[in-house]
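# Coordinate analysis (summary)
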Amino acid sequence: MYSMTGYGKGEYRQNGVELTVEVKSVNNRFLDLTVKSPRIFLSEEEEIRSAVRKKVSRGHIDVFVNYIDRRERKKSYFVDAEAAKAYRRAATLLKNEIPSLQDDTTLSFYLRLPDVVRAEETEGLDEELKTALYTALECALDNLVSMRKAEGERLKKDLLSRLDTIAKLREEIALRAPLVAEEYRKKITDRMQELLIGKADENRILTEAAVFSDKCNIDEELTRLSCHIASFLSIVEEETAGRKLDFLVQEFNRECNTVCSKSNDAPLTKAALQMKNEIEKIREQIQNLE
């Protein structure tokens with residue numbers, strides 16, 4: 001079982017190349033990938049996505065790639081003249097609005113402005129950088145999966161603990177349920193004896209008790225709850241259990257609501273509400289599962 005929350009980092013430091021890949025994951029109903037890397041790795045984005053899909057099936061995944069290339073490589077500089085003109089127009093407009101400002105712009109001033117001049121690699125992506133990228137990516141994904149698994153095992157332990165509580169409450173309800181009809185029969189018998197001074201109609205009492213017993217019968221709901229508990233224990237052993245458990249918890253909730261609606265007994269209702277509370281806590285937890 002895996003959690004959808006995790007973080008992994010991988011590094012490559014060889015031959016003058018320093019490259020870091022960080023992968024962060026959080027909850028999401030589906031697999032949603034975002035890759036943020038320098039432009040030089042743009043051609044590798046689909047391969048990066050493919051590598052992530054092989055390791056992760058669900059969650060919002062952010063992949064961050066950063067690198068420093070200290071090797072001797074030819075470089076060129078791109079000059080964005082339009083950006084420089086836009087800065088100049090902005091400066092002229094500001095000068096018109098505030099004439100007292102001194103215009104001290106020089107060539108070096110424009111060279112320091114963001115986006116006017118930027119370095120570009122003329123040799124592009126080579127095998128050394130590719131090796132660095134995928135080595136670091138593989139390491140980052142392995143660390144991410146390891147963290148997600150550790151978190152998943154912690155969640156599994158908590159879920160099983162809550163399921164055990166639900167199973168105990170189910171047994172408590174099953175023991176209490178048969179007594180409800182008998183207590184109702186005794187209650188109406190005593191009431192009719194009091195009103196009719198010992199001349200109560202036994203057949204009518206039995207009929208009333210039978211009707212009440214049928215209305216509050218929860219045998220089917222208890223049987224289905226037992227089946228759901230068994231299914232839950234099986235599903236939590238799977239690696240990707242989130243969606244299945246999400247559906248199963250809805251069934252748990254449906255049976256518990258029916259028990260509450262049929263209940264005409266305070267102790268039984270109390271136990272059913274406690275069960276409903278545990279089911280809700282499980283529902284919250286499984287939103288974190290892959």
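Summarised in this report is the structure supplied together with it. Every value quoted in this text rests on a predicted model; they were computed, and no experiment measured them.

Two orientations exist for strands paired in a sheet by backbone hydrogen bonds: parallel and antiparallel. Spatially, the 4 strands line up as an open sheet ordered β1-β2-β4-β3, and their pairing is mixed. Either end of the sheet is taken by a strand with one partner, and the two such strands are β1 (6–14) and β3 (31–36). For this sheet the average axis-to-axis angle between neighbouring strands, irrespective of direction, equals 10°. Across 9 bridges, β1 lies against strand β2 (residues 17–26) in antiparallel orientation. By the bridge assignment for β2, glycine 8 is matched with valine 23. Relative to β3, helix α1 (residues 45–55) is tilted by about 140°, and along the sheet it contacts β3 and β4 (59–69).

With their axes 10 Å apart at the nearest point, helix α6 (residues 219–235) and helix α7 (residues 242–262) run at an angle of 160° to one another. When the axes of α6 and α7 are compared, the pair comes out roughly antiparallel. Crossing of α6 over α7 shows left-handed handedness. On the side of α6, the interface is formed by Glu221, Arg224, Leu225, His228, Ile229, Ser231, Phe232 and Ile235, while α7 contributes Lys244, Leu245, Leu248, Val249, Glu251, Phe252, Glu255, Thr258, Val259 and Lys262.

Turning our attention to the packing of α7 against helix α8 (residues 266–286). It is at 10 Å that the axes of α7 and α8 come closest, and there the two elements cross at 165°. What the angle tells us is that α7 and α8 run roughly antiparallel. Judged by the twist between their axes, the crossing of α7 over α8 is left-handed. Each of Gly242, Leu245, Asp246, Val249, Phe252, Asn253, Cys256, Asn257, Val259 and Cys260 in α7 lies in contact with α8, whose residues at this interface are Leu268, Ala272, Leu273, Met275, Lys276, Ile279, Ile282, Arg283 and Ile286.

Once that is clear, we can look at a nonpolar patch on the surface. A contiguous nonpolar patch, built from Leu94, Ile98 and Leu101 and spanning about 230 Å² of accessible area, is present on the exposed surface. With respect to the secondary-structure elements, leucine 101 resides in the loop between α2 (81–97) and α3 (107–111).

So, about the pairing of β4. Sheet topology note: the β2/β4 ladder contains 10 bridges and is antiparallel. In the sheet register, serine 25 faces β4, and the bridge partner there is isoleucine 61. Relative to β4, β3 runs parallel, the two being bridged by 6 bridges. The residue bridging leucine 31 from the neighbouring strand is glycine 59, located in β4. Of the crossover connections in this fold, the one passing from β3 over α1 to the parallel β4 is left-handed.

This part takes up the packing of aromatic side chains. Any two aromatic rings considered together are summarised by their centre-to-centre distance and by the angle between their planes. Scanning the model with the defined rule gives 2 aromatic pairs in all. Consider the rings of phenylalanine 41 and tyrosine 67, whose centres lie 5.3 Å apart with planes at 80°: the pair is edge-to-face. On the criterion of sequence distance, the pair formed by phenylalanine 41 in the loop between β3 and α1 and tyrosine 67 in strand β4 is long-range, its members being 26 residues apart. Residue classification places phenylalanine 41 among the buried positions, given a relative accessible area of 0%. Overall, the relative accessible area of 21% leaves tyrosine 67 in the partly exposed class. The interplanar angle of 80° and the centroid separation of 6.3 Å between the aromatic rings of phenylalanine 232 and phenylalanine 252 together place this pair among those described as edge-to-face. One end of the pair, phenylalanine 232, is in helix α6; the other, phenylalanine 252, is in helix α7, with 20 residues separating them in the sequence. Overall, phenylalanine 252 belongs to the buried group, its relative accessible area being 2%.

Within the secondary structure layout, lysine 156 lies in helix α4 (residues 127–196). With a relative accessible area of 13%, lysine 156 lands in the buried category.

Below, the discussion takes up α2. Between its terminal C-alpha atoms α2 stretches 24 Å, which fits the 24 Å expected from 17 residues at 1.5 Å a residue. Capping the start of α2 is the job of one residue whose side-chain oxygen sits 3.3 Å from the backbone nitrogen of glutamate 82: aspartate 80.

Turning our eyes to something else, we now look at the environment of isoleucine 166. Relative to the helices and strands, isoleucine 166 resides in helix α4. For the pair isoleucine 166 and glutamate 278, spaced 112 residues apart in sequence, the C-alpha to C-alpha distance is 6.8 Å. When near neighbours in sequence (up to four residues on either side) are disregarded, isoleucine 166 contacts Ile229, Phe252, Met275, Glu278, Ile279 and Ile282.

Conventions we followed
- Residues numbered from 1 in each chain as written.
- Predicted model: local features only at pLDDT ≥ 70, side-chain atom pairs only at ≥ 80, totals over all residues.
- Heavy atoms only, no water.
- Pairing = 2+ DSSP bridges.
- Helix = DSSP H or I, 4+ residues; strand = E, 2+ residues; numbered from the N terminus.
- Axes fitted to C-alpha atoms, helices over the stretch in contact; angles between N-to-C directions.
- Contact = heavy atoms within 4.5 Å.
- Parallel < 35°, antiparallel > 145°, perpendicular 65-115°, else oblique.
- Left-handed = near helix turned anticlockwise from the far one by under 90°.
- Patch = residues over 30% accessible without salt bridge, like charges linked within 9 Å, V, L, I, M, F, W, Y side chains within 5 Å.
- Areas by Shrake-Rupley, 256 points an atom, 1.4 Å probe, with all protein chains shown as cover.
- Salt bridge = Lys/Arg side-chain N within 4 Å of Asp/Glu carboxyl O.
- Right-handed = clockwise from strand over helix to strand, strands pointing away.
- Phe/Tyr/Trp six-rings, centres within 6.5 Å; stacked < 30°, edge-to-face > 60°.
- Buried < 20%, exposed > 50% of the residue type's maximum accessible area, 1.4 Å probe, protein only.
- Expected span 1.5 Å × (residues − 1).
- Polar contact = N/O pair within 3.5 Å; in protein donor to acceptor, adjacent residues only side chain to side chain.

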